[in-house]
Amino acid sequence: MKINKITCHILQSKVEKPFTSARGWLYNTRSSCIVEVTTDDGLTGWGECYGPAAVNKTLIETQYAPRVIGRDPFDVEVVWEDLYNRIKDYGAQGFSITALSGIDIALWDLMGRATGKPIHKLIGGAYRKQVQAYATGLYFIDMDRLVEEAVEEALEYKAQGFRAIKMKIGLGDPKLDLRRVAAVREAIGPEIGLAVDANHCFSVPQAIRLGRMLEPLDLLWFEEPISPEDHDGYVEVTRALDMAVAGGENDFTRFGFRDVIAKKAMDIVQPDVCAAGGISEMRKIATLASAFGVECVPHAWGSAIGLAATVQFLAALPDQPPAFRPMPPMLEFEQTPNPLRDLLATLPIEQKHGVVAVPEGPGLGIEIDREVLARFKVA
């Protein structure tokens, strides 16, 4: 079996109701670069790249595809190393790795389809048949009702059965952030887990100050309090706070996570399978984290393909730490409207009472609806 074609699909869907985090408004569209890899015996594997779709498509078509055509998809690690060494002189992180991630996921999907096994069976087996999901939402929408809208949305997720929620902070006023988080905590009660995500908008002193204000609210973690490249700053914030500090969605490969994990700059690392290097590299990052006693709770944002890849990876991720009553890693289930997440698979991945079943079909465990693919394809 040899790879004979790589096709990149840029998919785009309209955002009906603009929303924002501390990083700025998402006004018009959501897009994704979907990678389709086919073989000479007719099999197809699917992957997804995190970040601006057109950049990923260009990188794959100009830098990667010519080196992958003719290869055996079962040589996935060999292919990964070849592509990484091709670009590491000028792109050992960022877009070059997000593009590589899409190819890697597609190769693991191909291997699963060729063997009739889901990816989690190929990477060690299932520690769990279902994963606990947490709802990511509570962005800023109505600037005149910031507290009220957050409470209303959080109560919706609680009613749906979610046992944990992650909300956005970073409004430029720590007292308003505190008031908003406190109102959500009071509304959902102590039995629902609550995390906050600042999208790296604070300085180190600001993060420590707000973190100490938030500590009495019993939060699961304080995500991306400061800029992702400031690893020493993360050490300061992590040491200063009595709640868990999380980050890493903007870090790449085992090399990018190596020092973060070794110095325990974060209590929880959050690599993204569509960004950090694909399934192959996620395994190495998780192993590093386990060796240093750091939790791994992957970031997830994108289409049905990225969501399926994350679920497959989580199924094969050990409890952290193992215990009589373990606390298994949770799935980030982003809740803003997204047709690429909800419609692209013929049978979408869904949560029921805050729980997502791990797909048992071959590869990613989902099938792509080509009519939906064509409907949202713009390039």
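Scroll up a little and you will see the structure.
**With respect to the packing of aromatic side chains**
For any pair of aromatic rings, the description consists of the separation of the ring centres together with the inter-plane angle of the planes. For the structure shown, the criterion picks out six aromatic pairs. Seen in terms of ring centroids, Tyr134 and Trp221 are 5.3 Å apart; in terms of plane orientation they differ by 80°. Their pairing is edge-to-face. Taken together, the residues span a long stretch of sequence, with Tyr134 in strand β6 (residues 130–136) and Trp221 in the loop between α7 (204–214) and β9 (222–223) at a distance of 87 residues. Look at Trp221 and you get buried, because its relative accessible area is 4%. Measuring from centroid to centroid gives 6.0 Å for Tyr157 and Phe162, while their planes differ by 80°, and the two rings are edge-to-face. One aromatic cluster in this structure is built from Trp80, Tyr84 and Phe255.

**So, the pairing of strand β13 (residues 331–334)**
Burial along β13 is two-sided: Leu331 and Phe333 and Glu332 and Glu334, pointing in opposite directions, are all buried. By the bridge criterion, four bridges tie β6 to β13 in an arrangement that is parallel. Bridged to Ala135 within β13 is Phe333.

**Side note on the environment of Pro52**
Here Pro52 is to be found in the loop between β5 (44–49) and α1 (53–68). In this structure Pro52 comes out as partly exposed when scored by relative accessible area, which is 43%. Separated by 46 residues in sequence, Pro52 and Thr98 place their C-alpha atoms 9.6 Å apart.

**So, helix α8 (residues 231–240)**
Those residues of α8 not exposed but buried are His231, Gly233, Tyr234, Val235, Val237 and Thr238. In this structure, the buried residues of α8 make contact with α7, β10 (245–247) and α9 (253–262).

**Here's the deal with the environment of Val378**
Among the secondary structure elements, Val378 is positioned in the segment after α13 (370–376). Val378 has contacts with Ile10 and Gln12, leaving out every residue within four places of it along the chain.

**Describing the sheet that holds strand β1 (residues 3–14)**
Ordered in space as β1-β4-β5, the three strands form an open sheet in which the pairing is antiparallel. Both outer strands of the open sheet, β1 and β5, are each paired with one neighbouring strand and no more. On average, each strand axis in the sheet is tilted by 25° relative to the strand beside it, whichever way the strands run. Here 11 bridges tie β1 to strand β4 (residues 29–39), and the two strands are oriented antiparallel to one another. Residue Ile3 lies in a different strand from β4, and its bridge partner there is Thr39. Against the sheet, α1 touches β1, β4 and β5, its axis set at about 175° to β1.

**Points about empty space enclosed by the protein**
The full count for this structure, using the stated rule, is one cavity of 30 Å³ or more. Its boundaries defined by the atoms lining it, the largest cavity holds a volume of some 60 Å³. For the largest cavity, the full set of lining residues is Ala300, Trp301, Gly302, Ser303, Leu307, Glu332, Phe333, Glu334 and Arg341. Of all the elements, β13 adds the most residues to the lining of the largest cavity, at three residues.

**With respect to unusual backbone geometry**
With an omega dihedral of -15°, the bond running from Gln320 to Pro321 counts as a cis peptide bond. With respect to the helices and strands, Pro321 occurs in the loop between α11 (304–315) and β13. Although it is not a glycine, Asn199 adopts a positive phi angle of roughly 50°. If you trace the backbone, Asn199 turns up in the loop between β8 (193–197) and α7.

**Considering helix α3 (residues 95–115)**
Taking 1.5 Å as the rise per residue, α3 with 21 residues should run 30 Å; its terminal C-alpha atoms sit 31 Å apart, in good agreement. Of all 21 residues making up α3, 18 are buried, and the element is well covered by its neighbours. Just beyond α3, the residue with positive phi is Gly116, at close to 75°.

**Quick notes on the layout of surface pockets**
Reported here for the largest pocket is a volume of approximately 700 Å³. Leu26, Arg30, Tyr50, Tyr139 and Trp301 are the residues nearest the centre of the largest pocket, which is lined by 35 residues in total. Secondary structure elements with two or more residues in the lining of the largest pocket: β2 (19–21), β3 (24–26), β4, β5 and β7 (164–168). Per-element accounting of the lining of the largest pocket gives the leading share, four residues, to β4. In terms of residue class, the lining of the largest pocket is built from 10 nonpolar, 15 polar and 10 charged.

**A short note on the side chain of Arg185**
Here Arg185 is to be found in helix α6 (residues 174–188). Among buried Asp, Glu, Lys and Arg side chains, Arg185 stands out as unpaired, with Asp218 the closest opposite charge at 4.7 Å. At 2.7 Å, the side chain of Arg185 and the backbone oxygen of Gly189 are in polar contact. Contact partners of Arg185, with chain neighbours within four places excluded, come to Pro190, Ile192, Gly193, Leu194, Leu217 and Asp218.

Reading the values: rules and limits
- Residues numbered from 1 in each chain as written.
- Predicted model: local features only at pLDDT ≥ 70, side-chain atom pairs only at ≥ 80, totals over all residues.
- Heavy atoms only, no water.
- Phe/Tyr/Trp six-rings, centres within 6.5 Å; stacked < 30°, edge-to-face > 60°.
- Helix = DSSP H or I, 4+ residues; strand = E, 2+ residues; numbered from the N terminus.
- Buried < 20%, exposed > 50% of the residue type's maximum accessible area, 1.4 Å probe, protein only.
- Pairing = 2+ DSSP bridges.
- Contact = heavy atoms within 4.5 Å.
- Axes fitted to C-alpha atoms, helices over the stretch in contact; angles between N-to-C directions.
- 1 Å grid on protein atoms, 1.4 Å probe; cavity = no way out; pocket = protein on both sides within 12 Å on 5 of 7 lines; lining within 4 Å.
- Points joined across faces, edges and corners; volume = space filled by probe spheres on them.
- Expected span 1.5 Å × (residues − 1).
- Nonpolar A, V, L, I, M, F, W, Y, C, P; charged D, E, K, R; others polar.
- Lys, Arg positive; Asp, Glu negative; His and termini not counted.
- Salt bridge = Lys/Arg side-chain N within 4 Å of Asp/Glu carboxyl O.
- Polar contact = N/O pair within 3.5 Å; in protein donor to acceptor, adjacent residues only side chain to side chain.

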